[in-house]
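# Secondary and tertiary structure notes
Here's the letter readout for the chains.
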Amino acid sequence: MSPSPPATLTVSTVAAAVGGVGHHLLKVEGYSRLKRTHGETGSCLESGEFTAGGHAWRVLCYLNGNREENAGFVSLYLKRAGGAAGDVHAELEFELVRHHGAAAATHGKYGPAVPFDADGKEWGYPKFIATKKLERSRFLRDDCFAVRCKVTVVEERAAVEEDVTEEDMERVGLVCQCKDDSCGFKHERPTQTLREKIALICRFICGDASS
């Protein structure tokens, strides 16, 4: 019976990398007046266009929820801007920003990367904070509040062929079977027969007896 051919191992890597990070501060001034003009559910305040990771974005702020089921909450969303083609995956984070000199306080939400398409689909948090909670908080002062938006664009890198390392071979349970003594990989030793094992034991015993 002919021996089986030696096992081989090849390695490639597909990776997700950060393509860029951008921050945008949306300030809402004259909150009580804006509630009267944009207090209907579905009515939103739209930020100026900003760039993050080489793409254009806008923040949408709904003071009374983006839908009826979210009424009574501030809804915060992000969308693509500029009419660029293709999908972009990005991680999204919103955080209320405290006023200068105010006591430390935090309120924010963030999540994993989601796909933003060129058609302006929105992603965000429909119940970011209850309106009454915002109005009682330290984030609203002098009829103003601000929201920081952090956008982290995630890019997928295509598969790249790599040289096999000793660690790779150990992880999959393989050892190198080449005959090159200078090879840095671990080499597989041939399985010992019963006769070879007995001979090895005898040499060990005889060696102890002669000493």
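Residues numbered from 1 in each chain as written. Predicted model: local features only at pLDDT ≥ 70, side-chain atom pairs only at ≥ 80, totals over all residues. Heavy atoms only, no water.

The protein carries the name MATH domain-containing protein in an unreviewed UniProt entry, which gives Urochloa decumbens as its organism.

## Comments concerning the overall build of the protein
A tally of regular secondary structure across the protein gives four helices and ten strands. Along the chain direction, N to C, the helices and strands of the protein fall in the order β-α-β-β-β-β-β-β-β-β-α-β-α-α. With 211 residues in all, the protein has 28% of them scored as buried. Contacts in the protein between residues at least 24 apart in sequence constitute 65% of all its contacts with a sequence separation of at least 6. (Helix = DSSP H or I, 4+ residues; strand = E, 2+ residues; numbered from the N terminus. Buried < 20%, exposed > 50% of the residue type's maximum accessible area, 1.4 Å probe, protein only. Contact = heavy atoms within 4.5 Å.)

## As for the side chain of Ser47
Structurally, Ser47 can be placed in the loop between strand E2 (44-46) and strand E3 (50-52). Using a relative accessible area of 3% as the deciding quantity, one classes Ser47 as buried. In terms of polar contacts, Ser47 uses its side chain to reach the backbone amide nitrogen of Val59, at 2.8 Å. Those residues in contact with Ser47 that sit more than four places away from it in its chain are His24, Leu26, Arg58 and Val59. (Polar contact = N/O pair within 3.5 Å; in protein donor to acceptor, adjacent residues only side chain to side chain.)

## Brief notes about the pairing of strand E5 (residues 73-80)
Successive side chains on a regular strand alternate, one facing one side of the sheet and the next facing the other. Counting buried positions over the eight residues of E5 gives six, a clear majority of the element. Looking at chain direction, strand E4 (residues 55-62) and E5 are connected through six bridges and run antiparallel. For Arg58, the partnering residue across the bridge sits in E5 and is Lys79. Pairing of E5 with strand E9 (residues 123-130) involves five bridges; the strand directions are antiparallel. (Pairing = 2+ DSSP bridges.)

## Thoughts on the packing of aromatic side chains
Taken as a whole, this structure holds five aromatic pairs when the rule is applied. Ring centres of Phe94 and Phe128 lie 6.5 Å apart, and the angle between their planes is 75°; this geometry places the pair in the edge-to-face category. Of this pair, Phe94 sits in strand E6 (residues 88-97) while Phe128 is found in strand E9, placing the two residues 34 residues apart along the sequence. Among the residues examined, Phe94 registers a relative accessible area of 0% and is labelled buried. Taken together, the ring pairs connect Phe94, Tyr125 and Phe128 into an aromatic cluster. (Phe/Tyr/Trp six-rings, centres within 6.5 Å; stacked < 30°, edge-to-face > 60°.)

## Let's talk about unusual backbone geometry
For Asp142, which is not glycine, the phi dihedral falls at a positive 55°. One can find Asp142 in the loop between helix H2 (131-136) and strand E10 (144-162). In this structure Asp142 comes out as exposed when scored by relative accessible area, which is 68%. You will see that Asp143, though not glycine, has its phi angle at about 65°, which is positive. Tracing the backbone through its elements, the reader meets Asp143 in the loop between H2 and E10.

## Brief notes about the nonpolar core
Core analysis: the largest hydrophobic core is formed by 31 residues, its most contacted members being Trp57, Leu78, Phe94, Phe145 and Val151. Every element with two or more residues in this core is listed here: strand E1 (11-29), E3, E4, E5, E6, strand E8 (114-116), E9 and E10. Setting aside residues up to four positions removed in sequence, Phe94 forms contacts with Val59, Leu76, Tyr77, Leu78, His107, Gly108, Lys109, Tyr125, Phe128, Val147, Arg148 and Cys149. (Core = buried A, V, L, I, M, F, W, Y, C linked by side-chain atoms within 4.5 Å.)

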